[in-house]
Amino acid sequence: MPVKVMGIAAGRKNSNNEILLKEALMYCEEAGAEVTMINLKDYKILDCTGCTSCTMGMSQGKNVGCVLDAEDAKKKIMDVMLTQDAVIYSVPTYDLMPASAYLTFAQRSLSYETAFLETIGAIEHKDRVAGLIAVGGSTRSWQSMALEGLQATMFTTDMKVVDMILATRVPGMAQCLLDDDLIARARKLGENIMTAAAAPAEERKWLGDEDMGWCPNCHSNALVLGEEQWDGLHYPIECQVCGAGGTLEQTEDGKWKFVIQENGLLKDRTTVAGRAKHLEEIAQTQGGFYSNPENRKIVQEKLAKYKEKQFKTI
Ligand SMILES: Cc1cc2nc3c(=O)[nH]c(=O)nc-3n(C[C@H](O)[C@H](O)[C@H](O)COP(=O)(O)O)c2cc1C
């Protein structure tokens, strides 16, 4: 069976996202993959309603799907996407972060939350790899949350990111075609995807640029000051994407590096085990709220004031 690779673009037709994605996919096809490609702009995808009926169903051991399944194209895409061995996402940067066409799609994936569905035995585990391409008109400075925003959407569907490209300074239509190195790098991403997909799941590792990002675990470039978490865990510095914890240390040449501490990967969001820790948090925080009738009574009483109050709208 050939390796199945899907490309998902979210930018202008025949412009930078599609071109870089196609360059990567062409490598995959030449290497024998069965390739599918879509542009999210061609589909109607509605916003998550926030109803959480999917996760409520899961907490009762059932896979109830999404209330919008029959309303738009999300399910149709997911039915194909989740059978893939690898997916390459190519998304424009808008306002420093992934464009909303992609985020709307990604944030509808809660009903496919693999950690939940595997826990209740509704689906079998499938290892998938992913490559990420973020494309913007500026340098990293104006794309500061672009790749990190894409990375943050990979956990829900268990995508192991093995390579990422930040395509910079290509604001114009198809402008990336002037940059041969960038096109070659996109092709290399396709090669890395095929290498990772061919490897046994436990041997799959980061194949992107070795020194990419601050975080040695997920290669994000985003660190934050840690704050005490729900269970008291506190790291001085955290990776904003994977949740790795540790400290900053100065190297002999005066540079700074993020050093992950001994228990720093306890809640590593790139792993099913790490995400299961978040399920514990939800069970305590949200489950604790709903399971106590006294909480709901207090909320109902206090809510009346806010429900009644109406401001002028437009
Ligand atoms: C609404 C909007 C916001 C944008 N914001 C950013 C930005 O914050 N940073 C950046 O580098 N480029 C930004 N851009 C430029 C696009 O990322 C750039 O044109 C990119 O090439 C679009 O990809 P495409 O050609 O595949 O559609 C923005 C473009 C638009 C339309």
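Residues numbered from 1 in each chain as written. Predicted model: local features only at pLDDT ≥ 70, side-chain atom pairs only at ≥ 80, totals over all residues.

### Some points on the site of the ligand
At step 1: Close to the ligand lie 18 residues, the nearest being G11, R12, S15, N17 and G136.
At step 2: Counting residues per element, the ones that place at least two in the shell around the ligand are helix 1 (16-30) and strand 3 (86-94).
At step 3: The element that contributes the greatest number of residues to the shell around the ligand is strand 3, accounting for 3 residues.
At step 4: Residues that form the shell around the ligand fall into these classes: 7 nonpolar, 9 polar and 2 charged. (Near = placed C-beta within 6 Å. Helix = DSSP H or I, 4+ residues; strand = E, 2+ residues; numbered from the N terminus. Nonpolar A, V, L, I, M, F, W, Y, C, P; charged D, E, K, R; others polar.)

### Regarding the pairing of strand 10 (residues 256-260)
At step 1: For strand 9 (residues 245-250) and strand 10, the ladder comprises 5 bridges, and the chain directions are antiparallel. Bridge pairing in strand 10 places E249 opposite K257.
At step 2: Once strand 9 ends, the chain turns through 5 residues before running back antiparallel as strand 10, passing G254 with a positive phi of about 85 degrees. (Pairing = 2+ DSSP bridges.)

### A few points about the domain arrangement of the protein chain
At step 1: Taken domain by domain, the protein chain holds domain 1 (1-212) and domain 2 (216-314).
At step 2: Placing a centre on the C-alpha atoms of domain 1 and another on those of domain 2 gives a separation of 23 Å.
At step 3: Domain 1 puts 9 residues into the contact, and the matching count from domain 2 is 13 residues.
At step 4: Residues belonging to the side of domain 1 that touches domain 2 are distributed by class as follows: 6 nonpolar, 2 polar and 1 charged. (Domains from an automatic or database assignment. Contact = placed C-beta atoms within 7 Å.)

### Considering the sheet that holds strand 8 (residues 237-239)
At step 1: Strand order in the open sheet formed by 4 strands is 7-8-9-10, with antiparallel pairing between adjacent strands. The sheet is open, and its two edges are formed by strand 7 (223-225) and strand 10, each paired on a single side. Looking at each pair of strands side by side, their axes are set apart by 45 degrees on average, direction ignored.
At step 2: In this sheet, strand 9 lies alongside strand 8 in antiparallel orientation, the contact comprising 2 bridges. Each bridged residue has a counterpart across the sheet, and for E238 the counterpart in strand 9 is G245. (Axes fitted to C-alpha atoms, helices over the stretch in contact; angles between N-to-C directions.)

### Structural notes on unusual backbone geometry
At step 1: A positive phi angle is found at L96, which is not glycine, with a value near 75 degrees.
At step 2: Tracing the sequence through the fold places L96 in the loop between strand 3 and strand 4 (97-98).
At step 3: On the neighbour-count criterion, L96 (15 C-beta atoms within 10 Å) is partly exposed.
At step 4: Positive phi is not limited to glycine here, since A174 has a value of about 60 degrees.
At step 5: Here A174 is to be found in the loop between strand 6 (159-167) and helix 7 (180-198). (Buried ≥ 20, exposed ≤ 12 C-beta atoms within 10 Å, placed from the backbone.)

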